Amino acid sequence: MRFAAWWCIGEAMKLILATDAIFPPLTGIGRYANELASRLPLHPAIDEVRYFGMWRWQGGALKDAGAAAVTLPAVPPWLARLRREFADRRWAVSAYDLIGERWRARLLRRAGREDVPAVYHSPNFFLPHYDGPAVVTVHDLSIDRFPETHQSAQRHYFDLAFTRSLARAQRVITVSATVRDELIAAYGLAPEQVVAVLHGVDACFQPRPAAALQAVLARYQLQPGGYLLSVSTLEPRKRLEQLIAAHARLPAGVRTRWPLVLVGARGWLNQRLQKTIEAGEQGGWLRYLGYVDQTELPLLYAGARAFAMVSIYEGFGLPLLEAMASGVPVLTSNRSCMPEVSAGAALLVDPDDVDAIAGALGQLLENESWRAGAVERGLARAAELSWERCIDATVEVYRQAAAA
């Protein structure tokens, strides 16, 4: 009753945001969490945000602080290395869960028992014990649907903590309607408990004139409009081996005119993929740039002739939206959420059919009339999905969680 009364009188809300996902290298989930961390304090319905991550409080920011963004404490390099080192060890994951459950509950105990407790939001699958209203974001069910594409320790932690987290949540956010339907079907959640809130795209992803790209692209020995781009972590679900094989089947002139440029963190379970990448680099028609910082990534998008991402499964697929916002034609998979996110703007293909991918790449790179229409449709779709819309919808979920 106290929650319902609180919302009825319209008081501004307090929030605790988990920040564990804001961890280098900042890939999809980390970037989503970072957008929440920097934008939520500026929302008119949010009075106070406190940050909780790495088993400790990380300070807070008030909505009237006047800052355009929030800067969280930097993760020490030694801690980043330690986390990566132990993330694929089952015993370490079990110990992390056992100790973390108790320690985080202890730190959150007082906050959860305030007269009007803050809403706690974990943007990354897992919730600690908390006595107040709680929200969790579920990005995908790839561990359930494609367990072979994840490390053993990842699957082990999911088994320990995921169902427990769903039971603790008053509301669950999914990042697409596709994942919402999957989650309800697989875990028996009430439909009203699960809300799809699609990601947004930052204004830094936009079409740019060639002159504005030259300096950054030159550092990577690239030319505006002179490459096919793919942005993803090197891991099995992304079907990068199929994309590389399809690109290798293009006519030699097309392949050399528009080499395939891969951007993304090293990932896991990719020993064979790394050898395939090395062979392509030796052939002169493939480049692997590794992880690229957010300051340069928008320029790499805007400079691409086209963008391809043929994952077998995604929860949202943020690079699709970033490419469309950059005015770049997109090829993507006809599976999971990709048709939902691209909404008719992209060329769709079976991610396991190398011949079909090769044929679609030819159209993506050379069919000028289709390309022009794809750019227009992509820009229109990206304009529908802003981070401001995402934040507004997320705050509404907080209201529902508190009322529940």
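Look above for the structure.
First, a word on what this report is: a plain description of the structure on this page. It should be emphasised that the depicted structure is a prediction, and the values quoted were computed from it without experimental measurement.

## Describing the nonpolar core
Of all hydrophobic cores here, the largest spans 40 residues; its most connected members are L229, V263, L300 and F307. Sorting the residues of this core by element identifies α8 (210–219), β8 (228–231), β9 (260–263), α12 (297–302), β11 (306–309), α13 (318–325) and α14 (338–342) as the ones contributing at least two each. In terms of residue count, α13 provides more of this core than any other element does, six residues in total. Among the nonpolar cores identified, the runner-up in size contains 31 residues, and L228, I244, W258 and L286 belong to it.

## Quick notes on the packing of aromatic side chains
All told, the structure shown has 14 aromatic pairs when counted by the stated rule. Judged by centre distance (5.8 Å) and plane angle (50 degrees), the rings of F146 and Y313 are tilted. Of this pair, F146 sits in the loop between α5 (142–145) and α6 (152–168) while Y313 sits in the loop between β11 and α13; the two residues are 167 residues apart in sequence, bridging distant segments of the chain. Looking at F146, the relative accessible area reads 19%, which means it is buried. Ring centres of F158 and F162 lie 4.3 Å apart, and the angle between their planes is 20 degrees; this geometry places the pair in the stacked category. Residue F158 and its partner F162 are located together in helix α6, separated by four residues, close to a single helical turn. The exposure classification of F158 matches that of F162, with both residues buried. Members of the aromatic cluster, each reached through a chain of ring pairs, are F125, F126, Y157, F158, F162 and Y187.

## Topic: the pairing of strand β2 (residues 46–53)
Burial analysis of β2 places six of its eight residues in the buried class, which makes it a mostly covered element. Of the strand pairs in this sheet, strand β1 (residues 13–18) and β2 are connected by six bridges, and their pairing is parallel. Paired with M13 across the strands is I46, a residue of β2. With respect to chirality, the unit in which β1 leads through helix α2 (residues 28–39) into the neighbouring parallel β2 is right-handed.

## Examining the environment of T256
Here T256 is to be found in helix α10 (residues 252–257). Linking T256 and W285, residues 29 residues apart in sequence, is a C-alpha distance of 5.4 Å. Within polar-contact distance, the side chain of T256 engages the backbone oxygen of A252 at 2.9 Å.

## Some words on the packing of helix α4 (residues 90–112) against α6
Viewed as axis vectors pointing N to C, α4 and α6 meet at an angle of 25 degrees, and their least axial separation amounts to 7 Å. Judged by the angle between their axes, α4 and α6 are roughly parallel. Between α4, through R90, V93, S94, Y96, D97, E101 and R104, and α6, the contact on the second element is made entirely by S152, A153, H156, Y157, L160, A161, R164 and R168.

## Some remarks on a nonpolar patch on the surface
On the surface, a nonpolar cluster with roughly 300 Å² of combined accessible area is contributed by L98, I99 and W103. Locating I99 in the fold gives a position in helix α4.

## Thoughts on the side chain of T233
By the secondary structure assignment, T233 is in the loop between β8 and α9 (240–248). When its relative accessible area of 15% is taken as the criterion, T233 is described as buried. In contact with T233, other than residues within four places in its own chain, are T27, K238, L240, A265, G267 and W268.

## Section: the state of the cysteines
In the structure shown here, the tally under the stated rule is zero disulfides. Unpaired in this structure, C204 has its nearest cysteine sulfur neighbour in C390, at a distance of 15 Å. C337 takes part in no disulfide bond, and the closest cysteine sulfur to it belongs to C390, at a distance of 14 Å.

## Side note on the pattern of salt bridges
Under the definition given, this model contains 22 salt bridges. For the salt bridge of R168 with E101, the shortest nitrogen-to-oxygen distance reads 2.7 Å. One end of the pair, R168, is in helix α6; the other, E101, is in helix α4, with 67 residues separating them in the sequence. With relative accessibility at 15%, the residue E101 sits in the buried group. Where R145 meets E182, a salt bridge forms, and the shortest distance between an N and an O atom there is 3.6 Å.

## Focus on the pairing of β8
Neither face of β8 is exposed, since L228 and S230 on one face and L229 and V231 on the opposite face are all buried. Note: β8 against β9, four bridges, orientation parallel. Its bridge partner lying in β9, L229 is registered against V261. Of the strand pairs in this sheet, β8 and β11 are connected by two bridges, and their pairing is parallel. Within β11, the residue paired with L228 across the bridge is A306.

## Concerning unusual backbone geometry
Of note, the phi angle at F125 is positive, near 75 degrees, even though the residue is not glycine. By the element assignment, F125 lies in the loop between β4 (119–122) and β5 (134–138). Judged by relative accessible area, F125 falls into the buried class, the value being 10%. Within the chain, R239 stands out as a residue other than glycine whose phi angle is a positive 55 degrees. Along the chain, R239 falls in the loop between β8 and α9.

Quick notes on the rules
Residues numbered from 1 in each chain as written. Predicted model: local features only at pLDDT ≥ 70, side-chain atom pairs only at ≥ 80, totals over all residues. Heavy atoms only, no water. Core = buried A, V, L, I, M, F, W, Y, C linked by side-chain atoms within 4.5 Å. Buried < 20%, exposed > 50% of the residue type's maximum accessible area, 1.4 Å probe, protein only. Helix = DSSP H or I, 4+ residues; strand = E, 2+ residues; numbered from the N terminus. Phe/Tyr/Trp six-rings, centres within 6.5 Å; stacked < 30°, edge-to-face > 60°. Pairing = 2+ DSSP bridges. Right-handed = clockwise from strand over helix to strand, strands pointing away. Polar contact = N/O pair within 3.5 Å; in protein donor to acceptor, adjacent residues only side chain to side chain. Axes fitted to C-alpha atoms, helices over the stretch in contact; angles between N-to-C directions. Parallel < 35°, antiparallel > 145°, perpendicular 65-115°, else oblique. Contact = heavy atoms within 4.5 Å. Patch = residues over 30% accessible without salt bridge, like charges linked within 9 Å, V, L, I, M, F, W, Y side chains within 5 Å. Areas by Shrake-Rupley, 256 points an atom, 1.4 Å probe, with all protein chains shown as cover. Salt bridge = Lys/Arg side-chain N within 4 Å of Asp/Glu carboxyl O. Disulfide = S-S within 2.5 Å.

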